[in-house]
Amino acid sequence: MKTHSERLFDEAVRYIPGGVNSPVRAYQAVGMTPRFMQGATGPYIFDVDGNKYIDYICSWGPMILGHNDPEVLKSVVEACEYGLSLGTATEIEVCIAKFICTKIPHVEMIRMVNSGTEAVMSAVRVARGFTGRDKIIKFAGCYHGHSDAMLVSAGSGVMTSGVPDSLGVTKGATKDTLTACYNDLESVKELLDANKDRVAAIIVEPVAANMGVVLPKPGFLEGLRKLCDETGSLLIFDEVITGFRLSFGGAAEYFGVRPDLVTYGKIIGGGMPVGAYGGRRDVMSFVSPAGDVYQAGTLSGNPIAMAAGMTQLQILYNHKDKYKELDRLGVKLYGGMEELCHQYDLEAHVNYIGSLGSLFFTQEEVIDYDLAKTADTKEFARYFAFMLEQGIHLAPSQFEAMFLSCMHTDAIIDETLNIFERYLNDTKIV
Ligand SMILES: *Cc1c(COP(=O)(O)O)cnc(C)c1O
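Residues numbered from 1 in each chain as written. Predicted model: local features only at pLDDT ≥ 70, side-chain atom pairs only at ≥ 80, totals over all residues. Heavy atoms only, no water.

By the naming in an unreviewed UniProt entry, the protein goes by Glutamate-1-semialdehyde 2,1-aminomutase and is assigned to Blautia liquoris. Here is the UniProt Pathway (unreviewed entry) comment for the protein, exactly as written: "Porphyrin-containing compound metabolism; protoporphyrin-IX biosynthesis; 5-aminolevulinate from L-glutamyl-tRNA(Glu): step 2/2." Checking UniProt for the protein, the heading Catalytic activity (unreviewed entry) contains the comment "(S)-4-amino-5-oxopentanoate = 5-aminolevulinate". (UniProt positions renumbered as here; feature names shortened; annotations may be inferred.)

So this is what it looks like as structure tokens:
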């Protein structure tokens, strides 16, 4: 007998490409079919067959307060009374922009959009408009949404252009995207030298969280800042995951490195579809209608989405102790997993920082994309299936992060570690 999830998936694939509205949800990487979820509350998520899971996806980041936070929910319901969309300037847009710009020193002006993809696409356009340069440097393994110029895989050698990483992306769209190696300043220097006065911006996930979690080596972000200062390129931190997560001011605040532009998404919308880009006033003043870099959006700054985001950001800002607590829980969970891996001689590495972490089935420590790719994805799939069966909802891919929320507790983490130990026992070669 098929489960309700399986029946829904059978139907979904007939009407939706791959049965899902975003690829990773399809469980393809772990060779399974997805669980269809019905709802979620606090640290838990429930599927349509009545199973309950501890959720370590947390909607890929937005639900940092836990699912269905009552205050966020209340603000949304209240906002709905005034209309779902006005298509005009509204007061709440001023509130949230002022809130962010007065709390985060490197954000002097900000523009709201509807997704992280849009935020990055727009930030790159502004960087090009401001500098009058065409090239962008990104890093292998960093994800910046699905705009054409960012769907690129590295060309061979510093003089070659990036090549499209998806059908439908033209060579023209990626020819100005150069790819460097994460944590390797030398690879960035080479690209800058070979493209003197032509690089508009370096864009980086200050903590990479889309090839699994990969931390910047000490000095890496500072080195990028210095290279940008020397060459007149702008430094863009893509903080779509790290923003309001590692600290209120994101990775920039956490590491004390000031980007010229920053992109947000995920947490900033409190669960609603929101992205944003902001940064230096002189750069952001190039955005239309203040300046000549065109960027627009019918639903940008939507009042319901702004209400959710504003409430979530206010809660985070007013309770900064939550970040300490997330750090503590992160050490307990990810440090605990690391410890267990040692104890059971599992060939694996746990990378983590604050509430973000990932378990890599690799021989070596993972500091860049090439090393991430050495992971044993078959073992990951086995681990994933085991954990899911035991009620642990993990991202169905070796190359995604685990997310903790403020609703995860010591007891929940203990339970998770127990289940992880059962997996290790189950795996142990006897
Ligand atoms: C999720 C993500 C994006 C894309 O955001 P969407 O809202 O999915 O378009 C961009 N950059 C990073 C670092 C992300 O994690």
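Visitor: Is there a simple way to explain the domain arrangement of the protein in this structure?
Guide: Reports of interface size often rely on the accessible area that becomes lost once the parts have come together. The domains assigned to the protein are domain 1 (4-68 + 321-429) and domain 2 (70-318). Look at where the C-alpha atoms of domain 1 and domain 2 centre, and you get two points 26 Å apart. Between domain 1 and domain 2, the contact holds 28 residues from the first and 33 residues from the second. When the buried area of domain 1 at its contact with domain 2 is split by residue, Y323, I353 and I367 rank highest and sum to 26% of it. Contributing elements (two or more residues each) for the side of domain 1 that touches domain 2: helix 11 (321-343), strand 13 (349-353), strand 14 (356-360) and helix 12 (369-372). Looking at which element gives the most residues to the side of domain 1 that touches domain 2, the answer is strand 14, with four residues. When its residues are assigned to classes, the side of domain 1 that touches domain 2 shows 18 nonpolar, seven polar and three charged. (Domains from an automatic or database assignment. Contact = heavy atoms within 4.5 Å. Buried area = accessible area lost by both parts, 1.4 Å probe. Helix = DSSP H or I, 4+ residues; strand = E, 2+ residues; numbered from the N terminus. Nonpolar A, V, L, I, M, F, W, Y, C, P; charged D, E, K, R; others polar.)

Visitor: What should I look at first to understand the UniProt feature "modified residue: N6-(pyridoxal phosphate)lysine" (unreviewed entry) in the protein in this one?
Guide: Here the UniProt feature "modified residue: N6-(pyridoxal phosphate)lysine" (unreviewed entry) sits at K266. As for its position among the elements, K266 is in the loop between strand 11 (261-264) and strand 12 (275-279). Leave out the neighbours within four places in its chain, and K266 touches W60, P62, V240, I241 and V274.

Visitor: Any chance you could explain the pattern of salt bridges here in plain terms?
Guide: Where charged atoms of side chains with opposite charge meet at close range, the side chains can pair. Going through the model one piece at a time under the given rule, you end up with 21 salt bridges. With a closest N to O distance of 3.7 Å, E186 and K189 form a salt bridge. Remark: K189 and E186 occur in helix 6 (residues 185-194); sequence separation between them is three residues, near one turn of the helix. Here D260 makes a salt bridge to R280, at a shortest N to O gap of 3.0 Å. In this pair, D260 sits in the loop between helix 8 (250-255) and strand 11 while R280 sits in the loop between strand 12 and helix 9 (281-284), placing the two residues 20 residues apart along the sequence. In this structure R280 comes out as partly exposed when scored by relative accessible area, which is 25%. What you see here is one network of salt bridges that share partners, running through R225, D229, D260, R280 and D282. (Salt bridge = Lys/Arg side-chain N within 4 Å of Asp/Glu carboxyl O. Buried < 20%, exposed > 50% of the residue type's maximum accessible area, 1.4 Å probe, protein only.)

Visitor: I'm lost on the sheet that holds strand 2 (residues 44-47) in this one. Help?
Guide: Note on sheets: strands pair through backbone hydrogen bonds, and any given pair is parallel or antiparallel. Taking strand neighbours across the sheet as the criterion, the four strands line up as 1-2-3-15 in an open arrangement whose pairing is mixed. Since the sheet does not close on itself, it has two edges, and those belong to strand 1 (37-41) and strand 15 (392-393), each with one partner. The strands touched by helix 14 (residues 410-427) are strand 2, strand 3 (52-55) and strand 15; relative to strand 3, the strand with the most contacts, the crossing angle is about 105 degrees. (Pairing = 2+ DSSP bridges. Axes fitted to C-alpha atoms, helices over the stretch in contact; angles between N-to-C directions.)

Visitor: Just to check I follow, could you spell out the sheet that holds strand 14 for this structure?
Guide: If you trace the three strands from one edge of the open sheet to the other, you get 13-14-16, paired in antiparallel fashion. Edge positions in the sheet fall to strand 13 and strand 16 (402-403), since each of these pairs with one other strand and no more. By the bridge criterion, five bridges tie strand 13 to strand 14 in an arrangement that is antiparallel. If you follow I353 over to strand 14, its bridge partner there is L356.

Visitor: How should I be thinking about the nonpolar core in this particular structure?
Guide: Where a protein is soluble and globular, its nonpolar side chains tend to be buried together. With 96 residues, the main nonpolar core has Y56, I100, F139, F244, M337, Y383 and F420 as its most contacted residues. Split by domain, the residues of this core number at least three in each of domain 1 (4-68 + 321-429) and domain 2 (70-318). With residues near it in sequence (within four places) discarded, I100 still touches V107, I110, M112, F244, I268 and L313. (Core = buried A, V, L, I, M, F, W, Y, C linked by side-chain atoms within 4.5 Å.)

Visitor: Hey, could you run me through the site of the ligand in this one?
Guide: Around the ligand sit S115, G116, T117, Y143, H144, G145, E205, N210, D238, V240, I241 and K266, and those are all the residues in its vicinity. Here D238 contributes a side-chain N or O atom positioned 2.7 Å from a nitrogen atom of the ligand. Out of a free accessible area of 380 Å², the ligand has 83% covered by protein chains. (Near = heavy atom within 4 Å. Polar contact = N/O pair within 3.5 Å; in protein donor to acceptor, adjacent residues only side chain to side chain. Areas by Shrake-Rupley, 256 points an atom, 1.4 Å probe, with all protein chains shown as cover.)

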